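Structural features, examined
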Amino acid sequence: MDLMKEEGGAALIRGTTFLLSQQCEDGNFEGQLSSSTFPSCAYAWIQLARGETPELTLIEWFSANQNDDAGWGLDTANISNAEATRFTQIILEQVQQRAPDPSVEKLLASIPKLPPHLALVNLAYAAFDAFDWNELTFSEKALPLMKLAKQLTKIPLLGSRLKPPRHRVPPVALFNTAMFDALFIAEQHTLVPVFILIELNTTKRPEMIASLVAWLKAHVLSDGSWFRVNYITALSVLALIELQEKWETDTEIDGLIERGIAWLEKTQNPDGGCREALNLNVWDTALSIIALTEAHHTIDGKSVLLNTELTRKVESAARWLVEHQNSDGGWAFSGLRDSTLPSDADDTALGTLALVRSLRTDTSNDQQALHGAIHGGITWLKTQQVHDGSWSTYQPGQGDVGCVSITAHAIEALIAFHDCDIPDRPNVQTEIQRGLNWLRRQIHRDGYWRDLWLAKDTYGTACAITALVKAGLKNIAEVQRGVEWLERIQNADGGWGEDMFGNPTESTVEQTAWSTYALLQVNPVNGAAQNGIKFLRKHQREDGSWPEQCVGIYWEIIGGYADPINASVFPILALNQFAQTPI
C-alpha cells in the first residue's frame with residue numbers, strides 16, 4: 001500500500017503539472033473537441049450549397065474514418081450508425097458529381113444501401129433533389145395530436161415511453177405556438193432553419209417566411225454563430241443561402257451568411273473533420289479549477305514550485321470566469337462577454353463551485369468581485385430550481401427535464417457556498433434538501449443513476465454518490481446500492497466504460513476516474529477503487545496526460561465528443577482522493 005500511495009502521488013503531480021501547462025493565455029482552459037460526422041457533413045454541405053467542392057482535407061477525413069463495415073460512426077467511438085453513413089453518402093455523391101475522383105468513387109461503391117429514416121438527414125437529401133420536401137413533415141392537421149401527445153408525456157411511466165417520431169419534423173405551423181415556446185432551446189434553434197428550408201420549397205407563405213427569418217436574425221450571437229453549435233449554425237446558414245436564391249432578401253443576409261461561415265471554419269480540426277461546438281471553455285475552466293484546488297493541499301509540501309504555480313494559475317482562471325459570467329448571474333457553456341449565449345445550470349453550478357473553491361488559494365483577485373460573482377451564481381441556481389427539487393439544463397418547463405449530474409453539481413455548489421466564509425450568505429438549506437430528495441428518488445431499481453449529458457450511467461451514479469456523500473449521507477441505502485452497482489459493472493482491467501446509450505464498452509480513463517473518485521469518497525480502501533487507480537496509473541502518458549475518449553454527448557442523433565481536459569481533471573480528482581487515504 002505504501003508503494004501504491006507513493007506511485008499514485010507521483011502520478012498526481014505529473015497529471016497536475018500537465019493540466020497547468022494547458023492553460024490559455026487569457027486564463028481559461030479549453031480542450032479541442034474531437035471531430036465527428038454530422039458537423040463534418042454539415043460543413044461540406046455549406047460548401048456544396050455555395051457551388052464549391054469541399055476541400056481535400058475534409059474528404060480525406062471521411063475516407064480515414066470509414067469503418068471496416070463501410071459505415072461511419074457518430075463520433076470517435078466509431079460504432080457504425082445508419083444515419084451518419086447516409087449523411088456521409090449524400091455528401092460524397094455530391095462531391096463526386098462536382099469533381100469525379102477514383103478514391104471517392106471507391107468509397108461510394110462500398111457503402112451499404114440504407115433506407116431513409118431520420119428527418120434531419122433526409123433534409124440534406126431533399127436539398128440535393130433526392131427526397132421529397134413534402135415528406136419531411138407531418139400535416140398541419142397533426143398539431144392537435146401533437147398537443148395531446150405532449151400532455152400524455154407528463155403521465156408517470158407513460159411519459160418515458162413516448163418518444164417523438166424521428167422520421168419527420170413537426171409541421172411549420174408549430175412555429176409561433178405555445179408548443180414551440182415549450183420546446184428545448186436547442187430544438188427551437190434547430191427547427192427554425194429547417195422550417196425556413198421546408199417553407200421555401202413547399203408552400204412559400206410570405207408571412208411565415210418573414211416571421212421565421214426574423215426569429216433567426218434575432219437569435220444570432222455576437223460571434224456570428226447560432227447557439228455556438230456547428231450543426232445549428234450550419235442549418236441557419238443553409239437556410240439563409242436558400243433564402244437568397246428563392247426569396248427577396250435584404251443586405252443583412254449577406255453579412256449573416258459570411259459571418260456564420262467564418263465561424264464554422266473555426267470548428268474544423270487539424271485532422272480535417274469538424275467538431276460540433278467551438279469549445280466548452282466554461283466547463284473546462286471550472287472543472288480545472290475544481291481539480292487543481294482539490295489537489296492543492298495534497299501537493300503542498302511535496303513540490304513548492306508546483307504549488308506556487310498552481311496558486312497563480314487558479315487565480316487567473318477564476319478571474320476569467322468572473323469576466324465571462326452572464327449578466328443574469330449564470331454561465332453559458334462557452335464564454336461570451338456580452339451574455340448573448342444563455343446561461344445553463346451545469347456551467348453555472350460548476351462555475352460557482354469553482355469560484356468558491358478558488359477562495360482556498362486566491363489572495364490576489366478582487367475579493368469583492370469574486371464574492372459578487374459567487375452570489376450571482378447562487379442566486380441564479382436558487383431561482384432556477386424546479387418545483388420537484390431538480391435542476392434542468394436551461395429554463396425549467398421549456399422542454400427541459402431534471403438532470404442527475406446537474407442537480408448533483410448544483411447541490412455541491414450550494415453546500416460549498418453554505419460552508420464558505422463569504423459575507424451576507426443567504427440560507428440555501430431548503431434548496432439543498434429539496435435537491436437531495438429528488439436525487440434519491442432518481443435511482444434506478446438496479447442501483448444506478450442515468451444522466452443526460454455524459455456517458456451515461458457511470459457518470460450519473462458517480463455524480464449522485466458524490467453529492468450525497470458531501471451532504472453527509474454516506475451511509476444511506478441509495479449510496480450503498482450505487483456503490484454495489486459500480487463494483488458489479490467494473491471491467492476486468494480495473495476500469496469502467498459504456499457508450500452514449502449505456503451499453504458496456506472498453507474502459508475509458510474518464511469513466512474510470514469519476515467512478516473511482518465516487519467509490520473512494522464512500523470507502524477510502526474500496527478494492528474496486530484501488531483497481532481503478534491502478535488503471536489510471538497504467539494509462540498515464542509520460543508527459544502526465546491521459547488518452548481522451550468519447551464520453552461527452554450532444555444529442556443521441558448527432559453523437560458525442562472527446563475533450564482532453566476531461567481526461568486530465570477526472571483522473572486528478574480520483575488520484576487526489578486516493579492520496580488522502582490513510583495508510
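Residues numbered from 1 in each chain as written. Predicted model: local features only at pLDDT ≥ 70, side-chain atom pairs only at ≥ 80, totals over all residues. Heavy atoms only, no water.

1. Some details on the environment of Glu 258
- Residue position: Glu 258 is located in helix α13 (residues 251-265).
- With 36 residues separating them in the primary sequence, Glu 258 and Ser 222 have C-alpha atoms 13 Å apart.
- Within the local environment of Glu 258, its side chain forms a polar contact with the side chain of Arg 50, the two groups lying 3.0 Å apart. (Helix = DSSP H or I, 4+ residues; strand = E, 2+ residues; numbered from the N terminus. Polar contact = N/O pair within 3.5 Å; in protein donor to acceptor, adjacent residues only side chain to side chain.)

2. Examining the confidence of the model for the protein chain
- Averaged over all residues, the pLDDT of the protein chain is 92; the fraction at 70 or higher stands at 93%.
- Here residues 155-162 is a poorly scored stretch, pLDDT under 50, and it has six contacts once near neighbours within four places are set aside; other chains count. (pLDDT = per-residue confidence, 0-100. Contact = heavy atoms within 4.5 Å.)

3. Comments concerning helix α24 (residues 566-579)
- Taking 1.5 Å per residue as the helical rise, α24 with its 14 residues ought to reach 20 Å, and the 20 Å between its terminal C-alpha atoms agrees with that figure.
- Counting buried positions along α24 yields 13 of 14 residues, so the element is predominantly enclosed. (Expected span 1.5 Å × (residues − 1). Buried < 20%, exposed > 50% of the residue type's maximum accessible area, 1.4 Å probe, protein only.)

4. Thoughts on the pattern of salt bridges
- In the structure shown here, the tally under the stated rule is 18 salt bridges.
- We note a salt bridge from Glu 252 to Lys 217, for which the minimum N-O separation is 3.4 Å. Here Lys 217 lies in helix α11 (residues 206-218) and Glu 252 lies in helix α13, a separation of 35 residues in the sequence.
- Owing to a relative accessible area of 41%, Glu 252 belongs among the partly exposed residues under this scheme.
- A relative accessible area of 21% means that Lys 217 is categorised as partly exposed.
- Residues joined in a network through salt bridges with shared partners are Glu 140, Glu 199 and Arg 205. (Salt bridge = Lys/Arg side-chain N within 4 Å of Asp/Glu carboxyl O.)

5. Re the side chain of Thr 458
- With respect to the helices, strands and loops of the structure, Thr 458 is situated in helix α20 (residues 457-470).
- Thr 458 sits in the buried class, given a relative accessible area of 1%.
- Here the side chain of Thr 458 touches Gln 511 through a polar contact of 3.1 Å, side chain to side chain.
- A polar atom in the side chain of Thr 458 sits 3.1 Å from the side chain of Trp 514.
- Setting aside residues no more than four positions away along its own chain, Thr 458 makes contact with Trp 485, Leu 486, Ile 489, Trp 496, Glu 498, Gln 511, Trp 514 and Ser 515.

6. Let's talk about the packing of helix α22 (residues 509-522) against helix α23 (residues 527-538)
- In contact at an axis separation of 9 Å, α22 and α23 are set at 145° when each is read in the N-to-C sense. Along this stretch, α22 crosses α23, giving a crossing that reads as left-handed. Across the interface between the two elements, Val 509, Thr 512, Ala 513, Thr 516, Leu 519 and Leu 520 of α22 pack against Ala 528, Ala 529, Gly 532, Ile 533, Phe 535 and Leu 536 of α23.
- Of the residues belonging to the contact of α22 with α23, the class tally is nine nonpolar, three polar and no charged. (Axes fitted to C-alpha atoms, helices over the stretch in contact; angles between N-to-C directions. Left-handed = near helix turned anticlockwise from the far one by under 90°. Nonpolar A, V, L, I, M, F, W, Y, C, P; charged D, E, K, R; others polar.)

7. Notes on the pairing of strand β2 (residues 504-508)
- With two bridges joining them, strand β1 (residues 496-498) and β2 adopt antiparallel strand pairing. Pairing of Trp 496 across the sheet is with Thr 508, part of β2.
- Where β1 hands over to β2, the hairpin turn is made up of five residues, of which Gly 502 adopts a positive phi near 90°. (Pairing = 2+ DSSP bridges.)

8. What to know about the packing of aromatic side chains
- A complete count under the given rule lists 16 aromatic pairs for this structure.
- A ring pair is formed by Phe 184 and Trp 453, whose centres lie 6.4 Å apart and whose planes are at 40°; its orientation type is tilted. Here Phe 184, found in the loop between α9 (178-181) and α10 (185-201), pairs with Trp 453, found in the loop between α19 (429-441) and α20; they are 269 residues apart in sequence, far enough to count as distant.
- Trp 453 sits in the partly exposed class, given a relative accessible area of 23%.
- Among the aromatic side chains, those forming a connected cluster through ring pairs are Phe 38, Trp 45, Phe 87, Phe 128 and Tyr 231.
- Sitting above the plane of the Phe 578 ring, Lys 5 keeps its charged end 5.7 Å from the centroid. (Phe/Tyr/Trp six-rings, centres within 6.5 Å; stacked < 30°, edge-to-face > 60°. Lys NZ or Arg CZ within 6 Å of the ring centre and 35° of its normal.)

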